Amino acid sequence: MIKPSALLIALLSFLLTGSSFAFLDIFKGDLDKVPESSEIRAQDELAKTKLQSAQEYESAGKSDKALDIYKGIARKWPVTTSAAIAQYKVGAIQKSQGDYVKAFDSFQTFVDDHKQSSAFSAAIASQFEIAKASQTGEYKEKLVVRSRKVQRSEVLEMYGNVIKNAPYSEYAPQAQFSMGEVLEEDRDKYQLAVLEYKKVVKDYPETKLAGRAQFRIAEIGRMAIEAGSRNAANVG
């Protein structure tokens, strides 16, 4: 049986806090699983107390302890007003620790579940920064044991998610251009790189990156012609 009072409280929380709880996703489309209104209030108080504790640990430099608490809040009490803050903090701490793949995934969970949060744009910016750092190898410069080499396929997926998450943001054309750059690093994927650069020209024609993309397309074409000429000379 659907609990209208609980659903009403949840909707009011959404309107007041700007955080989307994505109820149908959280409860797998089963509104019978929505807690009673009294339970939601109790969970909200518990979550706020835990959130304060996590923030204190973080301020004291005990990021691992804070991270565990933030994870617990997001997992145990997903419909509370503290859940969005906690999930964002999970990604932020993991990013600061150089655990880029996990951080990106944590921000993705935040984006999926809290689209109306005021921190949405910041989460997209963090995802783009993670993707760019993974592309350039910046993680190698971090003196943390949790960093690892991020595969090109993972970087491409990261950029793709940035575009999907916020197609009209300032990061979308940058992510699209960067996908071309990643593919261009592999000579066997020049044609795929061209396709990604063409998307920049087509989808973001008014940006400066559109001109740069056209230049890269021309350069790849020139290199292909030169390579063909050398091959022909070698055969001859």
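Since the structure is predicted, the reported quantities are computational estimates derived from the model, not experimental observations.

Chemist: Even after reading the chapter, I still don't get the overall build of the chain, so can you show me in this structure?
Modeler: Counting its secondary structure elements, the chain contains 11 helices and zero strands. Going from N to C terminus, the chain has its helices and strands arranged as α-α-α-α-α-α-α-α-α-α-α. The contacts in the chain between residues at least 6 apart in sequence include a share of 57% that link residues at least 24 apart. Accessible area of the chain: about 13,300 Å², with a carbon and sulfur share of 54%.

Chemist: Explain the nonpolar core here, please?
Modeler: If you look at soluble globular proteins, the nonpolar side chains tend to sit buried side by side. In this structure, Phe110, Ile124, Ile130, Met158 and Tyr159 are the most contacted members of the largest nonpolar core, which totals 41 residues. Counting residues per element, this core draws most heavily on helix α7 (residues 120–136), which supplies eight residues. Those residues in contact with Tyr159 that lie beyond four places of it in its chain are Phe128, Ala131, Lys132, Gln135, Ala175, Ser178, Met179 and Val182. Of all hydrophobic cores here, the second largest spans 12 residues; its members include Leu51, Ala66, Tyr70 and Ile93.

Chemist: Mind showing me how you'd approach the confidence of the model for the chain here?
Modeler: Predicted coordinates in areas of low pLDDT are best not read in detail. On average, residues of the chain score 85 in pLDDT, and 77% of them reach the 70 mark or higher. Looking across the chain, the model is least confident in helix α1 (residues 4–17), with a mean pLDDT of 47, and most confident in helix α9 (residues 171–184), with 98. Taken as a whole, residues 11–21 scores under 50 in pLDDT and shows 27 contacts with residues more than four places along the chain or in a different chain.

Chemist: What exactly am I supposed to notice about a positive patch on the surface here?
Modeler: A grouping of Lys50, Lys65, Lys71, Arg75, Lys76 and Lys102 is seen on the molecular surface, where their side chains present a positively charged patch. Tallying contributions element by element places helix α4 (residues 63–76) first for the positive patch, with four residues. Along the polypeptide, Arg75 turns up in helix α4. By relative accessible area, which is 58% here, Arg75 ends up exposed.

Chemist: I would appreciate a short explanation of the pattern of salt bridges in the present structure.
Modeler: Once the charged atoms of two side chains with opposite charge are near each other, the side chains can pair. Per the counting criterion, the structure on display carries 12 salt bridges. Ionic pairing is found between Asp44 and Lys48, a salt bridge with its closest N-O pair at 3.6 Å. Placement of the pair is Asp44 and Lys48 together in helix α3 (residues 37–59), with a separation of four residues, close to one helical turn. Taking relative accessible area as the criterion, Asp44 reaches 14% and is therefore assigned buried. A relative accessible area of 41% means that Lys48 is categorised as partly exposed. The shortest N-O distance in the salt bridge between Glu184 and Arg216 comes to 2.2 Å. With a gap of 32 residues between them, Glu184 in helix α9 and Arg216 in helix α11 (residues 208–235) connect regions that are remote in the sequence. The network of salt bridges with common partners includes Arg152, Glu185, Asp186 and Lys189.

Chemist: Just to check I follow, could you spell out the packing of helix α6 (residues 100–113) against helix α8 (residues 152–165) for this structure?
Modeler: One can describe the packing of α6 onto α8 by two numbers: an axis separation of 12 Å at closest approach and a directional angle of 20°. One element, α6, and the other, α8, form an angle in the roughly parallel class. At the point where α6 passes α8, the crossing takes the left-handed sense. Here Tyr100, Val101, Phe104, Gln108 and Val111 of α6 lie close against α8, whose contacting residues are Glu154, Met158, Asn161, Val162 and Asn165. Classifying every residue of the contact of α6 with α8 by side-chain character gives six nonpolar, three polar and one charged.

Chemist: What is the right way to look at the side chain of Ser178 in this model?
Modeler: On the secondary structure map, Ser178 appears in helix α9. Of the polar contacts made by the side chain of Ser178, one reaches the backbone oxygen of Gln174; its length is 2.8 Å. Residue contacts for Ser178: discarding those within four places in its chain leaves Lys132, Gln135 and Tyr159.

Chemist: Can you help me understand the packing of aromatic side chains in this one?
Modeler: Each aromatic ring pair is characterised by the separation of its centres together with the angle its planes make. Here the structure, examined in full by the defined rule, presents five aromatic pairs. Ring geometry for Tyr88 versus Phe110: centroids 5.5 Å apart, planes at 70°, classification edge-to-face. A residue pair is termed long-range when its members are at least 10 positions apart, and Tyr88 in helix α5 (residues 83–96) and Phe110 in helix α6 qualify at 22 residues. Ring centres of Phe128 and Tyr159 lie 6.0 Å apart, and the angle between their planes is 55°; this geometry places the pair in the tilted category. Placement of the pair is Phe128 in helix α7 and Tyr159 in helix α8, with a sequence separation of 31 residues. Across the pair, exposure class does not vary: Phe128 and Tyr159 are buried alike. Linked through ring pairs, Tyr88, Phe107 and Phe110 together constitute an aromatic cluster.

Thresholds applied
Residues numbered from 1 in each chain as written. Predicted model: local features only at pLDDT ≥ 70, side-chain atom pairs only at ≥ 80, totals over all residues. Heavy atoms only, no water. Helix = DSSP H or I, 4+ residues; strand = E, 2+ residues; numbered from the N terminus. Contact = heavy atoms within 4.5 Å. Areas by Shrake-Rupley, 256 points an atom, 1.4 Å probe, with all protein chains shown as cover. Core = buried A, V, L, I, M, F, W, Y, C linked by side-chain atoms within 4.5 Å. Buried < 20%, exposed > 50% of the residue type's maximum accessible area, 1.4 Å probe, protein only. pLDDT = per-residue confidence, 0-100. Patch = residues over 30% accessible without salt bridge, like charges linked within 9 Å, V, L, I, M, F, W, Y side chains within 5 Å. Salt bridge = Lys/Arg side-chain N within 4 Å of Asp/Glu carboxyl O. Lys, Arg positive; Asp, Glu negative; His and termini not counted. Charge placed at Lys NZ, Arg CZ, Asp CG, Glu CD. Axes fitted to C-alpha atoms, helices over the stretch in contact; angles between N-to-C directions. Parallel < 35°, antiparallel > 145°, perpendicular 65-115°, else oblique. Left-handed = near helix turned anticlockwise from the far one by under 90°. Nonpolar A, V, L, I, M, F, W, Y, C, P; charged D, E, K, R; others polar. Polar contact = N/O pair within 3.5 Å; in protein donor to acceptor, adjacent residues only side chain to side chain. Phe/Tyr/Trp six-rings, centres within 6.5 Å; stacked < 30°, edge-to-face > 60°.

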